[in-house]
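The residues making up each chain are set out below.
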Amino acid sequence: MRFIPLILLFVVTSCAVSRNPLRQEVRLLERGLVKDDSSYIYDLPFEKGKAYYCVQGYFSMFTHRERAALDFKMRQGSSICAAREGVVIRVKEDGTRGGMRSRYRKDGNNIVIEHPDGSRAGYWHLQTDGALVNVGDTVKKGQPIALSGNTGMTSFPHLHFIVWDYDRSRKWQQVPTRFETTRGIGYLTAIRKYRKPGKEKKK
Ligand SMILES: [Zn+2]
C-alpha cells in the first residue's frame with residue numbers, strides 16, 4: 001500500500017511538537033484521564049457500519065500540528081454524514097483542484113454546519129459538485145450531506161473534520177470532540193480505524 005510509507009514520511013518530517021496549550025488538554029482527554037467530561041457526543045461523519053482510518057488526529061503530526069482536527073482516509077465519492085444536527089451555513093462545491101500546494105487551499109470544497117449551541121462543524125476536501133445540501137437547510141444527525149473528495153490542499157482523498165466554538169474571550173477556538181464508535185465513546189487518535197455503530201445500508 002502506498003499509504004503506509006507516506007505516513008512514515010509524515011512522522012519523520014514532523015518531530016516538532018505543537019505548543020498550543022489545548023494540546024496538553026487533548027492528550028488527557030484521549031487517554032480517558034478526564035473523568036467529568038460531559039461534552040456532546042458526536043456521530044462519526046460517515047455511514048452506519050462503515051469504518052475508516054483516522055490518519056491525522058488532534059495536534060498530531062504533519063498538517064495538524066496546530067489543529068484540533070481529524071482526517072479520515074476515504075475513497076472519493078464516499079458518503080459524508082452530519083456528525084451533529086444543525087443548519088447549513090456554508091457550502092462550497094465548485095473547487096476542482098487538489099494537491100499539496102498552498103495555492104490549492106482555496107479550492108477545497110467544504111460544508112459548515114452550525115449546531116444548536118452555536119458551535120460549528122466543518123467538512124473539508126469534498127468532491128466537485130458533491131454537496132447534497134444547501135445553505136439554510138436544517139440537517140439531522142447522521143443525514144448524508146456530501147460526497148468525499150480530494151479538493152484543496154490535500155495529498156490523498158480524505159475528509160478533514162473540525163469543530164469550532166467560542167471560547168471565554170468570544171474568539172473562535174477549535175475544539176476536540178467525543179465520538180460514539182464501536183469501541184465506545186471517546187476521543188479519536190491517529191492511525192486507528194473507527195467504525196460507526198449500526199447496520200450498513202444495502203445499496
Ligand atoms: Zn486535515
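Just so you know, these numbers come straight off a predicted model, no measurement behind them.

## Some details on the overall build of the protein
For step 1, the next point in the chain: The number of helices and strands found in the protein is two helices and 16 strands.
For step 2, the next point in the chain: Compactness check: the protein gives a C-alpha radius of gyration of 16 Å against a globular reference of 17 Å for 203 residues, within 12% of the reference.
For step 3, the next point in the chain: If one aligns the C-alpha atoms of the protein with their principal axes, the spans along those axes are about 40 × 40 × 35 Å.
For step 4, the next point in the chain: Scored against the burial criterion, the 203 residues of the protein give a buried share of 45%.
For step 5, the next point in the chain: For the protein, the computed accessible surface area is about 11,000 Å², with 51% contributed by carbon and sulfur atoms.
For step 6, the next point in the chain: If you average the places of the 36 positive and of the 20 negative side-chain charges in the protein, the two averages end up 7 Å apart.

## Observations concerning unusual backbone geometry
For step 1, the next point in the chain: In the Ramachandran plot, Phe59 falls in the positive-phi region, its phi being about 50 degrees despite a non-glycine side chain.
For step 2, the next point in the chain: Inspection of the secondary structure assignment puts Phe59 in the loop between β2 (51-56) and β3 (69-73).
For step 3, the next point in the chain: Despite not being glycine, Ile191 has its phi angle at roughly 55 degrees, a positive value.
For step 4, the next point in the chain: Note on Ile191: relative accessible area 41%, which makes it partly exposed.

## Some remarks on the side chain of Thr181
For step 1, the next point in the chain: Within the secondary structure, Thr181 sits in strand β14 (residues 178-181).
For step 2, the next point in the chain: A distance of 2.9 Å separates the side chain of Thr181 from the backbone nitrogen of Arg183, its partner in a polar contact.
For step 3, the next point in the chain: For Thr181, the residues in contact, after removing those within four places along its chain, are Leu44, Leu188, Tyr194, Arg195 and Pro197.

## Focus: the coordination of the zinc ion
For step 1, the next point in the chain: Here the zinc ion is held by His64 (NE2), Asp71 (OD), Asp71 (OD) and His160 (ND1), and the distances to it run 1.9 to 2.7 Å.
For step 2, the next point in the chain: In this structure, the zinc ion is surrounded by four donor atoms whose angles at the metal cover 53 to 154 degrees, and the resulting shape is irregular.
For step 3, the next point in the chain: Spacing between the donor residues of the zinc ion along their common chain follows H-x6-D-x88-H. In this pair, His64 sits in the loop between β2 and β3 while His160 sits in strand β12 (residues 158-166), placing the two residues 96 residues apart along the sequence. There is no split in this pair, since His64 and His160 are both buried.

## What to know about the pattern of salt bridges
For step 1, the next point in the chain: What the rule picks out here adds up to nine salt bridges.
For step 2, the next point in the chain: The residue Glu200 makes a salt bridge to Lys50 at a minimum N-O spacing of 3.5 Å. In this pair, Glu200 sits in the segment after β16 (192-195) while Lys50 sits in the loop between β1 (41-43) and β2, placing the two residues 150 residues apart along the sequence.
For step 3, the next point in the chain: A salt bridge links Asp107 to Lys106, with the shortest nitrogen-to-oxygen separation between them at 4.0 Å.

## A look at the packing of aromatic side chains
For any pair of aromatic rings, geometry is given as the distance between the ring centres together with the angle between the planes.
For step 1, the next point in the chain: In the structure shown here, the tally under the stated rule is nine aromatic pairs.
For step 2, the next point in the chain: Aromatic side chains Tyr40 and Tyr42 sit 4.9 Å apart centroid to centroid with 80 degrees between the ring planes, which places their arrangement in the edge-to-face category.
For step 3, the next point in the chain: A relative accessible area of 3% places Tyr42 in the buried class.
For step 4, the next point in the chain: Ring geometry for Phe46 against Phe72: centres 5.5 Å apart, planes inclined by 80 degrees, an arrangement best described as edge-to-face.

## What about the nonpolar core?
Nonpolar side chains in soluble globular proteins tend to end up buried together.
For step 1, the next point in the chain: If you look at the biggest cluster of nonpolar residues, it comprises 35 residues, and the most contacted ones within it are Phe72, Ile111, Tyr123, Ile145 and Phe161.
For step 2, the next point in the chain: Elements that contribute at least two residues to this core include exactly α2 (21-30), β2, β3, β7 (109-114), β8 (120-131), β10 (144-148) and β12.
For step 3, the next point in the chain: The residues contacting Ile145, other than those within four sequence positions of it, are Ile80, Cys81, Ala82, Ile111, Ile113, Tyr123, Gly130, Ala131, Leu132, Val133 and Val139.

The rules behind each value
Residues numbered from 1 in each chain as written. Predicted model: local features only at pLDDT ≥ 70, side-chain atom pairs only at ≥ 80, totals over all residues. Heavy atoms only, no water. Helix = DSSP H or I, 4+ residues; strand = E, 2+ residues; numbered from the N terminus. Rg over C-alpha atoms; globule rule 2.2 N^0.38 Å. Buried < 20%, exposed > 50% of the residue type's maximum accessible area, 1.4 Å probe, protein only. Areas by Shrake-Rupley, 256 points an atom, 1.4 Å probe, with all protein chains shown as cover. Lys, Arg positive; Asp, Glu negative; His and termini not counted. Charge placed at Lys NZ, Arg CZ, Asp CG, Glu CD. Polar contact = N/O pair within 3.5 Å; in protein donor to acceptor, adjacent residues only side chain to side chain. Contact = heavy atoms within 4.5 Å. Donors = N, O, S within 2.8 Å, 3.2 Å for Na, K, Ca; no water. Tetrahedral: all angles 85-135°; square planar, octahedral: opposite > 155°, others 65-115°. Salt bridge = Lys/Arg side-chain N within 4 Å of Asp/Glu carboxyl O. Phe/Tyr/Trp six-rings, centres within 6.5 Å; stacked < 30°, edge-to-face > 60°. Core = buried A, V, L, I, M, F, W, Y, C linked by side-chain atoms within 4.5 Å.

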